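The primary structure of each chain is shown beneath.
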Amino acid sequence: MSGSETTHPDRRDFLFIASGAFGAVATGAMAIPLIDQMNASRDTLAVAQIRVDVSQIPDGQQVTVEWRGKPVFIRHRSARDIEEAREVDWERLRDPQPDEARINPEHPELLVMVGVCTHLGCVPLADQGDYNGWFCPCHGSHYDTAGRIRKGPAPENLAVPEWVFVDGSDDAVIEIG
Amino acid sequence: MAHESTYQPQAGIEKWMDDRLPVMRLVHDSFVDFPTPKNLNYWYTFGGILTFCLVAQIATGITLAMHYVANDTMAFASVEHIMRDVNFGWLIRYSHAVGASMFFLAVYLHMFRGMYYGSYKAPREVLWILGCIIFLLMMATGFMGYVLPWGQMSFWGATVITSLFGAIPIIGDPIQQWMLGGFAVGNPALNRFFSLHYLLPFVIFGMVVLHVWALHVPGNNNPTGIDAKGPQDTVPFHPYYTVKDAFGLVIFMLIFAGFVFFAPNALGHPDNYIPANNLVTPAHIVPEWYLLPFYAILRSITFDFGIPFTDIIFIKAKFLGVIAMFASIGVLFVLPWLDTSKVRSMRYRPIMRFFFLIIFLPACVGLGWVGAETPAKVLYQQGEFTYYADYFEGEELTTLTYDTAEERDHAVESLVAVGTEVEIRDGTPFQFQMVHLGLILTIVYFAYFIIIMPLVGIIETPRPMPASIAESVLPRSSASAAAAE
Ligand code: HEM
Ligand code: FES
């Protein structure tokens, strides 16, 4: 250090290192809250579960509900939809999944999916596309009647959120999330 | 051309100030008696125009922010309130919205100018890189600004662009949620976008100061690309270029005003006058025009990167598209080191000039076009879709041919009903689609920088160059006379 004649560590060296270290730790410690404040806040996380009565959805129709700011499709599939979904040689699909893995086996008619295209996040349209399932208008992804990606740029099947039948609702109400 | 200061403080107050904070000296040496090549053309007025654009965006932006509400339930209505109720609100908003487009128009011309005259080459690499940083910041600012009116395009544009980050393997989802402050685009995202949209223009302003500083160390490049060698090659910035810049700016402002008053929404998208709805996607999502070429590159990559003919995939198509998009901007940063030619200006580089004007520029415009269209749009088709049904009538194979799948399926149903076994197959024609054009243009874009530029610099024989800037601007006879003196 210029101006200092001693070669031994002196008071100034100590203060320099101590205040430097303190500054580095303080900056690092403050960076955590400054970065973490951008993550989802507690009220956003609090509404992460919803309940929906699914008993009134007519055969072959779908309702769209909002969950975590995203659309969720709840579809009451027709017998033909289910049949088509199961005829497919699923092992050869882009994101191989049998229809059975995407539903509750006791209620194969009920298909619950996050209605967000796995490509870049648009909402696919129901009853459209080459596979009678969903079609994403943004860049042309086609999903089948099990919501599996069949054609177009999307890499994965439409996501199936965790959901269960609410106890005591006699399989009428589901809880998503 | 960092030069001796020529500032002479006149009045007493000027001397007093000069001893304390010599800002007048800085201004005088930078914008009054700054030696500037005599041969600058109108392509060189865009620096001044860009400065005007930045100031105009900040002035209109701050006044908009006095009335705008960054909340998902009120943002759209507050913009309509600005349009209908606030005194001159319509003028301020249209100036800001059109101003963003004009800003990008100017920056693209400014950048193409730099590429044409080789202004990125030594000793101006840092100047060029600062410019690239400004361009990146402008894109971020423009993108976030477009989200603020909270229309359908705002919302879905933000959804698509932030999903790009979700494509990053493993850490993509947490990053995306961190950026959005939730599971999807919503109020938290709108709030922070407003905060950053307010901040970034001032960061740009700081970068512009550095950019001008880096310009004033070597001085301006010029259309010949030859260094100024002395006073015979230069004129003082004022009044020569203050006037030229002012004239260029007035023309620019006329076009600007033309858009604001006669076609304020021509560059925007009508869907953005529909309030944001997170459950319904517009039929066709497009970003603002100035982001289209990059959007096209993003969408043109539809294949995975891996070992061919195996299932081994290193990078999925979606992430590969994201990489290509960022690389298309990243490549600009290393441009000074990709160009191997010793000659700066393409005026004297016949081969490079051809590639720039005839190949590169049209490719950029073409990418913009591809970005605006649906990827599956068919540009050329050979043959027709045909739908076949094959079955045996006794021993004989019979084939029925139809134009639509419905007609064929109908026929098949009636055949099956009477117990016939039918095989179906489809004939697909060859189709050249928008996405294929996009891929070709993407390859051209990258090849221009990575292959053509280094190679042409080595093999090309430049045209003879004038000995000096002075010689290049004087008529031939007087130039030789001047040389004879
Ligand atoms: C680099 C400079 C800037 C650029 C490129 C830019 C770009 C944009 C764009 C494209 C929009 C959307 C316009 C529309 O369609 O309605 C916008 C909106 C907005 N900007 Fe900026 N902006 C800039 C600077 C600023 C600054 C400094 C402020 C100050 C706070 C600001 C405040 C706003 C506000 C409040 C809106 C929402 C109102 C509206 O949509 O018209 N901007 N900006
Ligand atoms: S977002 Fe659905 S295909 Fe791109």
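Residues numbered from 1 in each chain as written. Chains lettered and ligands numbered in written order. Predicted model: local features only at pLDDT ≥ 70, side-chain atom pairs only at ≥ 80, totals over all residues. Heavy atoms only, no water.

Caption draft 1: Geometry of the overall build of chain A. Across its full length, chain A carries three helices and 10 strands. Going from N to C terminus, chain A has its helices and strands arranged as α-α-β-β-β-α-β-β-β-β-β-β-β. Here the C-alpha radius of gyration of chain A, 27 Å, is well above what a compact globule of 177 residues would show, namely 16 Å. In chain A, 49% of the contacts between residues at least 6 apart in sequence involve partners at least 24 apart. Of the roughly 10,100 Å² that chain A leaves accessible, carbon and sulfur atoms contribute 54%. In chain A, 16 side chains carry a positive charge and 28 a negative one; their mean positions are 5 Å apart. (Helix = DSSP H or I, 4+ residues; strand = E, 2+ residues; numbered from the N terminus. Rg over C-alpha atoms; globule rule 2.2 N^0.38 Å. Contact = heavy atoms within 4.5 Å. Areas by Shrake-Rupley, 256 points an atom, 1.4 Å probe, with all protein chains shown as cover. Lys, Arg positive; Asp, Glu negative; His and termini not counted. Charge placed at Lys NZ, Arg CZ, Asp CG, Glu CD.)

Caption draft 2: Representation of the interface of chain B and chain A. The interface of chain B with chain A comprises 25 residues on the first partner and 24 residues on the second. Counting across the interface, chain B meets chain A through zero salt bridges. Here chain B is connected to chain A by six residue pairs in polar contact (both at pLDDT 80 or more). Of all the secondary-structure elements, those providing two or more residues to the side of chain B that touches chain A are helix 7 (152-166), helix 8 (172-180) and helix 11 (292-300) of chain B. Considering each element in turn, the side of chain B that touches chain A owes the most residues, five residues, to helix 7 of chain B. Residues belonging to the side of chain B that touches chain A are distributed by class as follows: 14 nonpolar, seven polar and four charged. (Salt bridge = Lys/Arg side-chain N within 4 Å of Asp/Glu carboxyl O. Polar contact = N/O pair within 3.5 Å; in protein donor to acceptor, adjacent residues only side chain to side chain. Nonpolar A, V, L, I, M, F, W, Y, C, P; charged D, E, K, R; others polar.)

Caption draft 3: Representation of the confidence of the model for chain A in the model. Here chain A averages 88 in pLDDT, while 96% of its residues score no lower than 70. Per-element averaging of pLDDT across chain A places helix 2 (residues 42-46) of chain A at the bottom with 83 and helix 1 (residues 11-36) of chain A at the top with 94. (pLDDT = per-residue confidence, 0-100.)

Caption draft 4: Region of the structure containing the coordination of the iron atom of ligand 1. Residue and element names in this part refer to chain B. The iron atom of ligand 1 binds to the protein through H96 (NE2) and H197 (NE2); the donor distances cover 1.9 Å. Because the angles between the six donor atoms bound to the iron atom of ligand 1 fall within 87 to 178°, the donor set is best described as octahedral. Placement of H96 in helix 5 (residues 89-116) and of H197 in helix 9 (residues 187-216) is noted, with a sequence separation of 101 residues between them. The residues H96 and H197 share a single accessibility class, namely buried. (Donors = N, O, S within 2.8 Å, 3.2 Å for Na, K, Ca; no water. Tetrahedral: all angles 85-135°; square planar, octahedral: opposite > 155°, others 65-115°. Buried < 20%, exposed > 50% of the residue type's maximum accessible area, 1.4 Å probe, protein only.)

Caption draft 5: Structural context of helix 8 of chain B. Residues and elements named next belong to chain B. Along helix 8, the residues that are buried comprise G172, Q176, M179 and L180. Viewed end-on, helix 8 has its buried residues packed into an arc of 90°, placing them on one side of the element. Where helix 8 is buried, its residues touch helix 7 and helix 9. Looking one or two residues beyond helix 8, the residue adopting positive phi is G181, at roughly 65°. (Arc of directions from axis to C-beta.)

Caption draft 6: A look at the site of ligand 1. All names here are of chain B. Near ligand 1 you find 25 residues, and of these R93, H96, G145, H197 and Y198 are the closest. A distance of 2.7 Å separates a nitrogen atom of ligand 1 from a polar atom in the side chain of H96. In the model, a nitrogen atom of ligand 1 is placed 2.7 Å from a nitrogen or oxygen of the H197 side chain. Contributing elements (two or more residues each) for the shell around ligand 1: helix 3 (46-65), helix 5, helix 6 (125-147) and helix 9. When residues of the shell around ligand 1 are assigned to their parent elements, the largest contribution, six residues, is made by helix 3. Among the residues making up the shell around ligand 1, the classes are represented as 16 nonpolar, seven polar and two charged. (Near = heavy atom within 4 Å.)

Caption draft 7: Quick look at the side chain of T36(B). All names here are of chain B. Tracing the sequence through the fold places T36 in strand 1 (residues 35-37). A residue is classified by how much of its surface remains accessible, and T36, at 0% relative accessible area, is buried. Within the structure, the side chain of T36 is placed 2.8 Å from the backbone oxygen of F34, a separation counted as a polar contact.

Caption draft 8: The arrangement of the sheet that holds strand 8 (residues 422-427) of chain B in detail. Residues and elements named next belong to chain B. One open sheet accounts for three strands, arranged 7-6-8; its pairing is antiparallel. Only two strands of the sheet have a single neighbouring strand rather than two, namely strand 7 (396-402) and strand 8. Ignoring strand direction, the axes of neighbouring strands in this sheet form an average angle of 25°. Of the strand pairs in this sheet, strand 6 (residues 386-393) and strand 7 are connected by seven bridges, and their pairing is antiparallel. Directly across from F392, in strand 7, lies its bridge partner L397. (Pairing = 2+ DSSP bridges. Axes fitted to C-alpha atoms, helices over the stretch in contact; angles between N-to-C directions.)

Caption draft 9: Main features of the environment of R80(A). Relative to the helices and strands, R80(A) is located in helix 3 (residues 79-87). Separated by 52 residues in the primary sequence, R80(A) and N132(A) have C-alpha atoms spaced 10 Å apart.

Caption draft 10: How the structure looks around the sheet that holds strand 5 (residues 125-126) of chain A. Sheet architecture is open: four strands sit in the order 5-6-7-8 (chain A), paired in antiparallel fashion. Each edge of the open sheet carries a strand with a single partner, namely strand 5 and strand 8 (149-151) of chain A.

Caption draft 11: Structural detail: the packing of aromatic side chains. If you walk through the whole model with that rule in mind, you get 39 aromatic pairs over all chains. For the pair F73(A) and W134(A), a centre-to-centre distance of 6.0 Å together with 5° between the ring planes defines the contact as stacked. A residue pair is termed long-range when its members are at least 10 positions apart, and F73(A) in strand 3 (residues 70-76) and W134(A) in strand 6 (residues 134-136) qualify at 61 residues. Aromatic side chains Y116(B) and F356(B) sit 5.9 Å apart centroid to centroid with 45° between the ring planes, which places their arrangement in the tilted category. Within this pair, whereas Y116(B) is found in helix 5, its partner F356(B) is found in helix 14 (residues 350-372), the two being separated by 240 residues in sequence. (Phe/Tyr/Trp six-rings, centres within 6.5 Å; stacked < 30°, edge-to-face > 60°.)

Caption draft 12: Spatial organisation of the pairing of strand 4 (residues 110-114) of chain A. All names here are of chain A. In terms of residue burial, strand 4 counts as a mostly covered element, since five of its five residues are buried. The alternating pattern of strand 4 places L110, V112 and V114 on one face and L111 and M113 on the opposite face, and all of these are buried. Relative to strand 4, strand 3 is paired through five bridges, and the arrangement is antiparallel. Its bridge partner lying in strand 4, R75 is registered against L111.

Caption draft 13: Summary view of unusual backbone geometry. Residue A122(B) is joined to P123(B) through a cis peptide bond whose omega torsion reads 5°. Within the secondary structure layout, P123(B) lies in the loop between helix 5 and helix 6. A positive phi angle is found at R68(A), which is not glycine, with a value near 55°. On the basis of relative accessible area, R68(A) is assigned to the partly exposed category, the value being 28%. Within the chain, D127(A) stands out as a residue other than glycine whose phi angle is a positive 55°. You can see D127(A) is positioned in the loop between strand 5 and strand 6.

Caption draft 14: The arrangement of the packing of helix 8 of chain B against helix 9 of chain B in detail. Residues and elements named next belong to chain B. Between helix 8 and helix 9, whose axes approach to 7 Å, the crossing angle comes to 70°. By the angle between their directions, the pair helix 8 and helix 9 is classed as roughly perpendicular. Here W178, M179 and L180 of helix 8 lie close against helix 9, whose contacting residues are P188, A189 and R192. Its residues placed into classes, the contact of helix 8 with helix 9 shows five nonpolar, no polar and one charged. (Parallel < 35°, antiparallel > 145°, perpendicular 65-115°, else oblique.)

Caption draft 15: Highlighting the pattern of salt bridges. Tallied over the full model, the rule gives 20 salt bridges over all chains. We note a salt bridge from D127(A) to R75(A), for which the minimum N-O separation is 2.6 Å. Here the residue D127(A) occupies a position in the loop between strand 5 and strand 6, and R75(A) occupies one in strand 3, the gap between them amounting to 52 residues. In this structure, D426(B) and R408(B) form a salt bridge, with 3.1 Å as the shortest nitrogen-oxygen distance. Taken as a pair, D426(B) in strand 8 and R408(B) in helix 15 (residues 405-417) lie far apart in primary sequence, 18 residues in all. Assessed through its relative accessible area of 48%, D426(B) is described here as partly exposed.

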